[in-house]
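# Analysis of the macromolecular model
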Amino acid sequence: MIHGAELITTANDLAVLAARLLNAEAVAVDTEFFWERTYYPVLGLVQLATAEGCWLVDAVAFHDLRTLGPVLAAPDVTKLLHDAPQDLAILARATGATPRTVFDTRVAAGFAGFSSTGALQALLRDALGVELAKAETRSDWLRRPLSAGQIRYAAEDVIHLIPLREALLARCSGDLPRTWLREELAGLDDAALYGDRDPRLMYQRVKGGSRLDARGLAVLREVAAWREEEARQRDWPRGHVLPDTVLVALAEAGPRDRAALAALPGFPRRMPDRAADALLAAVARGLALPAEACPQPMGIGMVEKRALKGPSDRLLARIRAACEAYGIDPALVASRADVESYLLAQQKGQVADHPLAQGWRAQLLMMVRT
């Protein structure tokens, strides 16, 4: 036991801990990892806490963490995290289990009169008057032994989550906001949040892709999918395979041979022949796609944006007023871009699948209209 936290380094201790946690009503969870030279984060530590204790699972000491899978997946054990999706994606991969029954304190903060976009440090200070030291934020979590400062830092990231949940629920006033909070948290049970992303959708995340026309997007979709699969296979960061700037240049230029590839600004000089040929094949697929099958340009054009400025301002103002009445952070409901896309979908008669037309957000918008 170090600084109130027990370090778990053996399979037997991990099994005992997992059995104990399966009997808990709630388990606070956090992770520490290293993510600079690999496609997937390298897990260093898993922090776990209940009202009775705190445990730090040394992930470096284990081949995998499947023993914790039943805890992660247990529907009757609430997992408490702050800004949960990234940590849960790492743990889902490490344990082979889909997370269930998640309470995200960042989300709950937005229903309790606090910011839904703030860091845990700020939320603990505002909600509980607790000040967290952040001296170990950039620590090397793979080096052993862990220092006393690292252990203290890691433990503090979970030991306050249980009282924080109680404080947030106490401030979440009224049956309607609590119902909306439960609905929003239930969305975190979606297994799709924690698996690998579809390579053919990764073009939507390429910086600079929004300026491309439909044909350029068709090429970008193919080369971004190739990059994603190459990065996974090599366990490299995406940018180490090809940076976004080169992907966009590929989409704009549509090179058809290796000489044209090599002429692109920033293109790596030593790309293996196998990879270059596969990349050219991806470009060719995008260029050969029928025009009607090309993805449509992303985002909203400047002309449409100007036309939507007034209506979106008015809808955002009404959303803010409704949120103020219920003590909800408007950022939880919609951004300006969300509102613009919603209004545009309304104009086109395609609003049914929009997030603002579903669930509690649709209910709030109905109140805004009345």
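Now for a quick tour of the structure. In this text, all values refer to a predicted model and were calculated from it rather than measured experimentally. All residue numbers here refer to positions counted from 1 along the written sequence of the relevant chain. Whole-chain, interface and lining totals are the exception, using all residues; otherwise, since this is a predicted model, local features are given only for residues with pLDDT of at least 70 and side-chain atom pairs are given and counted only at 80 or more. Excluded from the side-chain calculation are hydrogens and water; included are all heavy atoms of the structure.

What is meant by a nonpolar core is a set of buried Ala, Val, Leu, Ile, Met, Phe, Trp, Tyr and Cys residues, joined one to another through side-chain atoms within 4.5 Å. Under the scheme applied here, a residue whose accessible area is under 20% of the maximum for its type counts as buried, over 50% as exposed, and between as partly exposed, the area being computed with a 1.4 Å probe on protein chains only. Residues L48, V57, F111 and V333 are the most contacted members of the largest nonpolar core, which totals 85 residues. Working definition: helices are DSSP H or I runs of at least four residues, strands are E runs of at least two. Numbering for both runs from the N terminus. Sorting elements by how many residues they give to this core places helix 14 (residues 302-326) first, with six residues. Contact definition: two residues touch when any of their heavy atoms are within 4.5 Å. Discounting residues that sit within four places of it in the chain, V57 has contacts with I8, L14, L17, G44, L45, V46, L48, F62, L65 and L68.

With mixed pairing, the six strands of this open sheet are ordered in space as 1-4-3-2-5-6. Strand pairing shows two members of the sheet lacking a second neighbour, strand 1 (5-8) and strand 6 (102-104), which therefore form its edges. Put simply, the sheet's adjacent strands are angled 25° from each other on average, direction ignored. The pairing of strand 5 (residues 78-81) with strand 6 spans three bridges and is classified as parallel. Bridging across to strand 6, K79 finds its partner in V102. Orientation is described by lines fitted to C-alpha atoms, with helices fitted over the stretch in contact, and by angles between N-to-C directions that extend from 0 to 180 degrees. Docked against the sheet, helix 1 (residues 11-21) engages strand 1, strand 2 (26-34), strand 3 (42-49) and strand 4 (54-58), running at close to 140° with respect to strand 4. In this description, strands pair whenever DSSP reports at least two bridges between them.

On to the environment of A59, then. Residue placement: A59 occurs in the loop between strand 4 and helix 2 (69-73). Looking at A59, the relative accessible area reads 8%, which means it is buried. The spatial distance from the C-alpha of A59 to the C-alpha of Y39 is 18 Å, given a sequence separation of 20 residues. Apart from residues no more than four positions distant in its own chain, A59 is found in contact with L43, G44, L45 and L65.

Before going further, it helps to examine the packing of helix 14 against helix 15 (residues 336-347). Relative to each other, helix 14 and helix 15 sit at 110°, their axes nearing to 9 Å. Taken together, the axis directions place helix 14 and helix 15 in an arrangement best described as roughly perpendicular. In the packing of helix 14 onto helix 15, the handedness of the crossing is right-handed. Taken together, the residues of helix 15 that come into contact with helix 14 (itself represented by E304, K305, L308, K309, P311, S312, D313, L315, L316 and I319) are R336, V339, E340, Y342, L343, L344 and Q347. Note on residue classes: Ala, Val, Leu, Ile, Met, Phe, Trp, Tyr, Cys and Pro are nonpolar, Asp, Glu, Lys and Arg are charged, and everything else, Gly too, is polar. The residue inventory of the contact of helix 14 with helix 15, partitioned by class, reads nine nonpolar, two polar and six charged. Small angles under 35 degrees read as roughly parallel and large ones over 145 as roughly antiparallel, with 65 to 115 read as roughly perpendicular and the rest as oblique. For a crossing to be left-handed, the near helix must be turned anticlockwise from the far one by less than a right angle; the clockwise case is right-handed.

On to the side chain of H82, then. As for its position among the elements, H82 is in the loop between strand 5 and helix 3 (84-95). Looking at H82, the relative accessible area reads 14%, which means it is buried. In protein, a polar contact means a hydrogen-donor-capable atom and an acceptor-capable atom, both N or O and within 3.5 Å, with residues adjacent in sequence counting only if both atoms are side-chain atoms; elsewhere, any N or O pair within 3.5 Å suffices. At a separation of 3.0 Å, a polar atom in the side chain of H82 contacts the main-chain carbonyl oxygen of G118. At 3.3 Å, the side chain of H82 and the backbone nitrogen of L120 are in polar contact.

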